[in-house]
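Descriptive analysis of the structure
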Amino acid sequence: MDRARKEQVVQELGHIFESSGVVVVSHYAGLTVADMEDFRNRMREAGGSVRVAKNRLAKIALKGTRCEGIADYLNGMTVLAYSEDTVSAARVVESYASDNSSLVILGGAIGDVLLDREGVKTLSTMPSRDELLGMIASCLSSPASGIAAAVGSPASNMASILSTIEERKAA
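Residues numbered from 1 in each chain as written. Predicted model: local features only at pLDDT ≥ 70, side-chain atom pairs only at ≥ 80, totals over all residues. Heavy atoms only, no water.

Glancing now at helix H4 (residues 88–99). In this model, H4 (12 residues) spans 17 Å end to end at C-alpha, consistent with the 16 Å of a helix rising 1.5 Å per residue. Of the positions making up H4, those classed as buried are Ser88, Ala89, Ala90, Val92, Val93, Glu94, Tyr96 and Ala97. In this structure, the buried residues of H4 make contact with strand E1 (22–27), helix H2 (33–45), strand E3 (78–83), strand E4 (104–110) and helix H5 (117–125). (Helix = DSSP H or I, 4+ residues; strand = E, 2+ residues; numbered from the N terminus. Expected span 1.5 Å × (residues − 1). Buried < 20%, exposed > 50% of the residue type's maximum accessible area, 1.4 Å probe, protein only. Contact = heavy atoms within 4.5 Å.)

Bringing the packing of H2 against H4 into the picture now. Packing of H2 against H4 leaves a shortest axis separation of 10 Å and a crossing angle of 150°. Classified by the angle between their axes, H2 and H4 sit roughly antiparallel to one another. The crossing of H2 and H4 is right-handed. Taken together, the residues of H4 that come into contact with H2 (itself represented by Asp35, Asp38, Phe39, Arg42 and Met43) are Ala89, Val92, Val93, Ser95, Tyr96 and Asp99. Class assignment of the residues belonging to the contact of H2 with H4 gives a composition of six nonpolar, one polar and four charged. (Axes fitted to C-alpha atoms, helices over the stretch in contact; angles between N-to-C directions. Parallel < 35°, antiparallel > 145°, perpendicular 65-115°, else oblique. Left-handed = near helix turned anticlockwise from the far one by under 90°. Nonpolar A, V, L, I, M, F, W, Y, C, P; charged D, E, K, R; others polar.)

Along the chain, Ser101 turns up in the loop between H4 and E4. For Ser101 and Gly30, which are 71 residues apart along the polypeptide, the C-alpha to C-alpha distance reads 8.8 Å.

Rendered as structure tokens:
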């Protein structure tokens, strides 16, 4: 790889480290090409990406970034999984690692917060931004639907009573 290409890779990696909500570092020794392609596809479906880069170039790109601490994880055959959503990449990596023992999660970062293996696991169980917004919307609409049911309930009860009275008069 020539110097210009290396500079371009460092710049691309720097952008990944700065703009991603989460970056997860894993060892991928033993994954076949088909496994890696499956991993990439799962990550793409979740809105994330996977990047394999030389550790030396990744460490250069990490200097001065928020997640500079993950440089310690960059030893051996490492793969970077990242996404804008702070949960998606962790969830996919955790899921894939449970299905395939060749992918070993080392740690990661959410901005300047470093995560160890257990931190990534905990993050993967948290709801995503979209799920949280759905929960909030549900909580907000729940009281309104309860009020509408309570307001409409006396009217339906009154109608039921009137129809019962009419049936008794007719009988």
